[in-house]
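Observations on chain architecture
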Amino acid sequence: MSAVGTGESPPLSPLVDRGARGMHSRSELSGDPGGASPAKEKICVTRQYQFCAAHRLHTDALPDDVNRAVFGKCNNPNGHGHTYTVLVTLTGEPDPHTGDVTDIEAVDRLVNQKIVERFDHRHLNHDPAFLHLVTTGENLARVIWDELVNEVPVGRLEKIGLIETRDNYFEYRADPSPGQKPPSVPWSPGAPGACIPAVS
Ligand code: NI
């Protein structure tokens, strides 16, 4: 599934929407509460994407009865699925000519390749990133951050938002300083879990 367009506005960040080909935009300045110094302003751009995936909340580090107690029906052995919405927020210095802080189309290509194609209609528990991680929304947001933080073509990654259900929203951000470690287990299209259909 590819990036979604305007759709519903997420209940959080400044959102830039350019339609399919960058026909229009809306942005918001934030940062310096006083707004006195343009040098302290920060412009954020958020793009949203969707994918459907199955998962089961379970850890082998705990006995089965504890897993059931902690995760409830989300520990059901057959798993269950979600339509995840990923909100990728970038920030940077606006280009003096275009006003853009990033290359939206390049970001779309990146996120679709690294995140959407990887997870859409897959079982998260079978993805190498979750070999030793419970497939919670918290961990999924962090995995997505790790995949993107060093790959953003222009600007820098500000945060990852993840809407899992109507009532569950997760957010992850970290210092994207040098030394940010790449994902510990590289993923490729032929990796385990790549052909596992999601549970409906
Ligand atoms: Ni779930």
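Residues numbered from 1 in each chain as written. Predicted model: local features only at pLDDT ≥ 70, side-chain atom pairs only at ≥ 80, totals over all residues.

The biggest cluster of nonpolar side chains holds 31 residues, and the ones touching the most others in it are Val86, Val88, Leu90, Ile144, Leu148, Ile160 and Leu162. Elements supplying a minimum of two residues to this core: strand 2 (42-55), strand 3 (80-92), helix 2 (104-119), helix 3 (137-148) and strand 5 (156-163). With 7 residues, strand 2 is the largest single contributor of residues to this core. Contact partners of Leu90, with chain neighbours within four places excluded, come to Cys44, Val45, Val101, Thr102, Val107, Val152, Gly155, Arg156, Leu157 and Glu158. (Core = buried A, V, L, I, M, F, W, Y, C linked by C-beta atoms within 7 Å. Buried ≥ 20, exposed ≤ 12 C-beta atoms within 10 Å, placed from the backbone. Helix = DSSP H or I, 4+ residues; strand = E, 2+ residues; numbered from the N terminus. Contact = placed C-beta atoms within 7 Å.)

Moving on to the pairing of strand 6 (residues 169-172). Judged from the 4 bridges that link them, strand 5 and strand 6 form a sheet pairing that is antiparallel. Looking at the pairing, Leu162 lines up with Phe170 of strand 6. The turn linking strand 5 back onto strand 6 is made up of 5 residues. (Pairing = 2+ DSSP bridges.)

Of all 8 residues in helix 1 (residues 64-71), 0 are buried, a share of ten percent or less. Backbone geometry just downstream of helix 1 places Gly72 in the positive-phi region, at approximately 60 degrees.

Here the focus is helix 2. With 16 residues, helix 2 should reach 22 Å at 1.5 Å per residue; the first-to-last C-alpha distance of 21 Å fits that figure. Of all the bends in helix 2, the greatest, near 40 degrees, is centred on Asn112. Here helix 2 has its buried residues at Ile104, Val107, Val111, Ile115, Arg118 and Phe119. Among the structural elements, strand 2, strand 3, strand 4 (122-123) and helix 3 are those in contact with the buried residues of helix 2. Once helix 2 finishes, His121 follows within two positions and takes phi at roughly 55 degrees, a positive value. (Expected span 1.5 Å × (residues − 1). Bend = angle between axes of the 7 residues up to and from the residue.)

A few words now on the confidence of the model for the protein chain. Summary statistics for the protein chain give a mean pLDDT of 78 and a share of 68% for residues scoring 70 or more. Within the model, the stretch residues 1-36 combines pLDDT values under 50 with 61 contacts to residues more than four positions away or in other chains. Considering only residues more than four positions removed or in separate chains, one finds that residues 180-200, a stretch of pLDDT under 50, has 39 contacts. (pLDDT = per-residue confidence, 0-100.)

Another point: unusual backbone geometry. Despite not being glycine, His121 has its phi angle at roughly 55 degrees, a positive value. Residue placement: His121 occurs in the loop between helix 2 and strand 4. A residue is classified by how many C-beta atoms lie within 10 Å of it, and His121, with 15 of them, is partly exposed.

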